[in-house]
Amino acid sequence: MTTTHSLTARRLSLSYGDRQVLSGVDVDILPGAVTAVIGGNGCGKSTLLRALTRLLRPTTGQVLLDALPLTDLPARQVARTLGLLPQSPTAPDGITVADLVGRGRTPHQGIFGQWSTHDHEIVARALSATGIADLAERSIDELSGGQRQRVWIAMALAQDTDILLLDEPTTFLDLPHQLEILDLLRDLNTARGTTIVMVLHDLNLAARYCDRLIALRDGRVAVAGTPDQVVTPAIIREVFDLESHVMPDPVSGAPMVMPIGRHRVLHRTES
Amino acid sequence: MVGETFYTPVEVARVIAGQSVPGASYTVGELRLPRTALAVLAGCAFGVSGVVFQTLLRNQLASPDIIGISSGAGAAGVVGIVFLHLGQAAVSGLALGAGLAVAGAIYLLSVRQGFGGTRLILVGIGVAALLQSVVTYSLSRAAAWDLPTATRWLTGSLNAASWPWVAPVAVVVTATVPAILLLDHRLAVLRLGDDLATGLGVPVRAVRISVIVAAVALIAVATAACGPIAFVAFMSGPIATRLIGPGGSPVLAAGLVGALLVLGADLLGQFALGTRYPVGVITGLLGAPYLILLLIRSRRIGAVS
């Protein structure tokens, strides 16, 4: 698969009632890269992601997919290029894993949902790529949180899009499962060149796993760039109002944030 | 074939084929056959309409006979017959208009919380109570000899069944049920929630509006013909889901379950007990315990929605 699709936002503003959530955001998603959107609570991360996937209509400005406004494109065509995993998706009661993952084929099928052998192959591939092939006939209700999240990602894989956006895919998972999901997404990016954009809370995991970071503050892009450019004490202070010490992550070499609170501090660094 | 006089299957078949059979032509052709046809068609309409609402609102309590759509159609039907003296087709049209108006009103009253949710159901129950009082008031002003009408609108009954009442239901069922089945696949995707459905390229709003209009038409016209037969819309979907499993589409199955429920309950009400009861009494006896069970269970889980 080639990743030639581009996703950009131009002067994107969005408000809920009186509250301005995004103000004039310009974003360029680098094709073929893994990008994380970071920032404090209520800075507009999720809103930006929802606007990028047309779940929210911007008040002003535009989201462009391959230089065309998202709102002008047919829904099914967008859905074949742009996949989306919302923050806490809900599954219908008692649905099986295979059934749910199969729903990912919707934009590729006719309106009656006819299945082709190609559809079956893609679903089988999505199940095995996420390591849940042996759970295919199980009901979603029986699965653990980590397994369930892999099912949702398998569904997004079955959608077979060049761009995949995920809203906090690691929330509510313990650390090993967080790493498992991030590894899985990295695999996907390496194997198929899928462009990945996700909202992440954990700065250190974002810096380690992502090629690009977009830091938001008060509905504006504070800074966007590589983890080395974005994760510095000055920018962390600007984005999060947080004093910190930044050092190379001994595991990956990516920048790692050591936050400095009011307690349990050996000595103040002037970095 | 059940009743005080016995006609052979051959005689019944000849009446259905349009031949004139002494005695049977009237009993079967004018009494039993329209009654059976109305039971099947209205039951199917109730079942499909109920399961569509339950699917779209992701809540078993959100069936149109509980959130006031049936009451709207019923109230319009009573007013149309008792005060305006309209014909069957006009009453069906009026009921349809009222059903859509009530659906719109309930939506507007509860829209602040987004589509679905407990608020919509509570508003709907309130609207249903209000409209039921319109029915009661209208009947209290109606002519005293209009007793069959009264039982029809209060409990749901097939006693008034005749071909002119069957026709509008037949037309609406043949028009909307295939249309809903065409959208069935997209309806199944909507069960994943608006966000995912949008992400999968389903035009959420368009699908939802067209399916809701179709479901309101079904429940309204069926209610105009035989009154709000209690709980059929509410029970058919869950029973169908239980029968076919959670993976499949319950729409067609719910229609069949609805038809069977009404047909079976009417047969029971007419012949199994000493006195003849309207069909709504029998379905009410079946449905009320189920509703209570559902309320107890949802309370235990912690929320209705």
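This text goes with the structure placed above it.
To start, this report covers the structure provided alongside it. The structure displayed is predicted, hence computed values, not measured ones. (Residues numbered from 1 in each chain as written. Chains lettered and ligands numbered in written order. Predicted model: local features only at pLDDT ≥ 70, side-chain atom pairs only at ≥ 80, totals over all residues.)

1. Points about the overall build of chain A
And step 1. In terms of regular secondary structure, chain A is built from nine helices and twelve strands.
And step 2. Here chain A has a C-alpha radius of gyration of 19 Å; the compact-globule value for 271 residues is 18 Å, and the two agree.
And step 3. Seen through its principal axes, chain A has C-alpha atoms that stretch 65 × 40 × 35 Å.
And step 4. Taking all 271 residues of chain A together, the buried fraction comes to 44%.
And step 5. Taking as baseline every contact in chain A between residues at least 6 positions apart, the subset at least 24 positions apart corresponds to 65%. (Helix = DSSP H or I, 4+ residues; strand = E, 2+ residues; numbered from the N terminus. Rg over C-alpha atoms; globule rule 2.2 N^0.38 Å. Buried ≥ 20, exposed ≤ 12 C-beta atoms within 10 Å, placed from the backbone. Contact = placed C-beta atoms within 7 Å.)

2. Examining unusual backbone geometry
And step 1. A positive phi angle, close to 50 degrees, is found at D218 of chain A, a residue other than glycine.
And step 2. Take D218 of chain A: it is sitting in the loop between strand 9 (212-217) and strand 10 (220-225).
And step 3. In this structure, R58 of chain B is a non-glycine residue whose phi angle is positive, near 50 degrees.
And step 4. Looking at the secondary structure, you find R58 of chain B in the loop between helix 2 (24-56) and helix 3 (69-83).

3. Points about helix 1 (residues 45-52) of chain A
And step 1. Counting buried positions along helix 1 of chain A yields seven of eight residues, so the element is predominantly enclosed.
And step 2. Along helix 1 of chain A, the positions that sit buried rather than exposed are K45, T47, L48, L49, R50, A51 and L52 of chain A.

4. Describing the sheet that holds strand 1 (residues 7-16) of chain A
Residue and element names in this part refer to chain A.
And step 1. Strand order in the open sheet made by the four strands is 2-1-4-5, with antiparallel pairing throughout. Of all the strands in the sheet, the pair left with one neighbour each is strand 2 (19-29) and strand 5 (68-69).
And step 2. Sheet topology places strand 4 (residues 60-65) next to strand 5; two bridges connect them, and they run antiparallel. Note that in strand 5 the partner of L65 across the bridge is L68.
And step 3. In the packing of helix 1 onto the sheet, the strands contacted are strand 1, strand 2 and strand 4, and the crossing angle to strand 1 comes to about 120 degrees. (Pairing = 2+ DSSP bridges. Axes fitted to C-alpha atoms, helices over the stretch in contact; angles between N-to-C directions.)

5. A short note on the sheet that holds strand 6 (residues 82-85) of chain A
Residue and element names in this part refer to chain A.
And step 1. Taken together, the six strands give an open sheet; going across it, the order is 6-7-8-3-9-10, and neighbouring strands pair in mixed fashion. Single-partner strands in this sheet number two, and they are strand 6 and strand 10. Across this sheet, the average inter-strand angle for adjacent strands is 15 degrees, counted without regard to direction.
And step 2. Of the pairings in the sheet, the one linking strand 7 (residues 163-167) to strand 8 (residues 195-199) comprises five bridges and is parallel in character. The partner of L164 across the bridge, within strand 8, is I196.
And step 3. Relative to strand 7, helix 1 is tilted by about 150 degrees, and along the sheet it contacts strand 3 (34-38), strand 7, strand 8 and strand 9.

6. Side note on the environment of L205 of chain A
All names here are of chain A.
And step 1. Relative to the helices and strands, L205 is located in helix 7 (residues 203-209).
And step 2. L205 gets classed as partly exposed once you count the C-beta atoms within 10 Å, which come to 19.
And step 3. Each C-alpha atom, one on L205 and one on Q159, is 26 Å from the other, the two residues being 46 residues apart in sequence.

7. With respect to the interface of chain B and chain A
And step 1. Between chain B and chain A, the residue contacts involve 16 residues of the former and 25 residues of the latter.
And step 2. At the level of secondary structure, the elements contributing two or more residues to the side of chain B that touches chain A comprise helix 8 (184-190) and helix 9 (194-199) of chain B.
And step 3. A breakdown of the residues in the side of chain B that touches chain A according to their chemical character gives seven nonpolar, six polar and three charged. (Nonpolar A, V, L, I, M, F, W, Y, C, P; charged D, E, K, R; others polar.)

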